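# Coordinate inspection notes
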Amino acid sequence: GAGVSQSPSNKVTEKGKDVELRCDPISGHTALYWYRQSLGQGLEFLIYFQGNSAPDKSGLPSDRFSAERTGGSVSTLTIQRTQQEDSAVYLCASSGTGDHPGNTGELFFGEGSRLTVL
Amino acid sequence: SQQGEEDPQALSIQEGENATMNCSYKTSINNLQWYRQNSGRGLVHLILIRSNEREKHSGRLRVTLDTSKKSSSLLITASRAADTASYFCAQRVGGGFKTIFGAGTRLFVKA
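We now turn to the structure provided with this report. Keep in mind the model is a prediction, meaning the values are calculated, not measured.

With 31 residues of chain A at the contact, the number on the chain B side is 23 residues. Here chain A and chain B share an interface that buries about 2,000 Å² over both sides, 49% of which is from carbon and sulfur atoms. At the boundary of chain A and chain B, one finds one salt bridge. The partner of A:Asp56 in a salt bridge is B:Lys98, and the shortest N-O contact between them spans 3.1 Å. Elements represented by at least two residues in the side of chain A that touches chain B include exactly β4 (31–37), β5 (44–50) and β8 (88–95) of chain A.

Let us look at the packing of aromatic side chains. The description of an aromatic ring pair rests on the distance of the ring centres and on the angle between the ring planes. Taken as a whole, this structure holds eight aromatic pairs over all chains when the rule is applied. Taking 5.9 Å as the distance between ring centres and 80° as the angle between the ring planes, the aromatic pair formed by A:Phe109 and B:Tyr35 counts as edge-to-face. On the criterion of chain membership, the pair formed by A:Phe109 in strand β9 (residues 108–109) and B:Tyr35 in strand β4 (residues 31–37) is interchain, its members lying in two chains. Given a relative accessible area of 10%, A:Phe109 falls into the buried group. Ring centres 5.3 Å apart and planes at 55° place the aromatic pair B:Tyr35 and B:Phe101 in the tilted group. You can see B:Tyr35 sitting in strand β4 and its partner B:Phe101 sitting in strand β10 (residues 99–101), a full 66 residues away along the chain. When sorted by exposure, B:Tyr35 lands in the same class as B:Phe101, which is buried.

The rules behind these values
- Residues numbered from 1 in each chain as written.
- Chains lettered and ligands numbered in written order.
- Predicted model: local features only at pLDDT ≥ 70, side-chain atom pairs only at ≥ 80, totals over all residues.
- Heavy atoms only, no water.
- Contact = heavy atoms within 4.5 Å.
- Buried area = accessible area lost by both parts, 1.4 Å probe.
- Salt bridge = Lys/Arg side-chain N within 4 Å of Asp/Glu carboxyl O.
- Helix = DSSP H or I, 4+ residues; strand = E, 2+ residues; numbered from the N terminus.
- Phe/Tyr/Trp six-rings, centres within 6.5 Å; stacked < 30°, edge-to-face > 60°.
- Buried < 20%, exposed > 50% of the residue type's maximum accessible area, 1.4 Å probe, protein only.

Have a look at this one:
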């Protein structure tokens, strides 16, 4: 499709299980972002990939969280040994980073993956 | 929030009135963007203002930027019930494209 695609849209898991959330960005977008949004709250920055550079992992809340981006395209956010406080909507976004006048770095968002940890 | 704050946290107005939301940020920025979120899912980009601009318009939206005060405001004129949503400011920081969001303002427009 033409937009950012995230899967699954909803995930219910038991405490202690591992989960993987997938993001398929817009083709050609070199920057990919993961954010977390708890109910009624703002967006918490988690991690940011830009081209072939090392990702900015400064927002990952603990070492249970990791993300990778294979081939500069699809990204997977993995949460190990999930806790109830991990319950949130996980939003992925992508943007172009080419240096041309029309590029503003506007982020295009997927619809998110709602994670519920029981 | 990681980068700045928005106020008010929530705003309730009548249809036809104007809505003003403010955003403050902490560090120098390349640009500031405003996004809208309807249902707690994906965000949609509304408008961008660059650090060397002071005001920008798009339809019923007007954005101002004061870099000396590290603040921005979003004005929605002649609001409609369909404008009910959460509005977030976001700043591109550092030398790359890292983008940080504020906590958002929840706008409710009563018909």
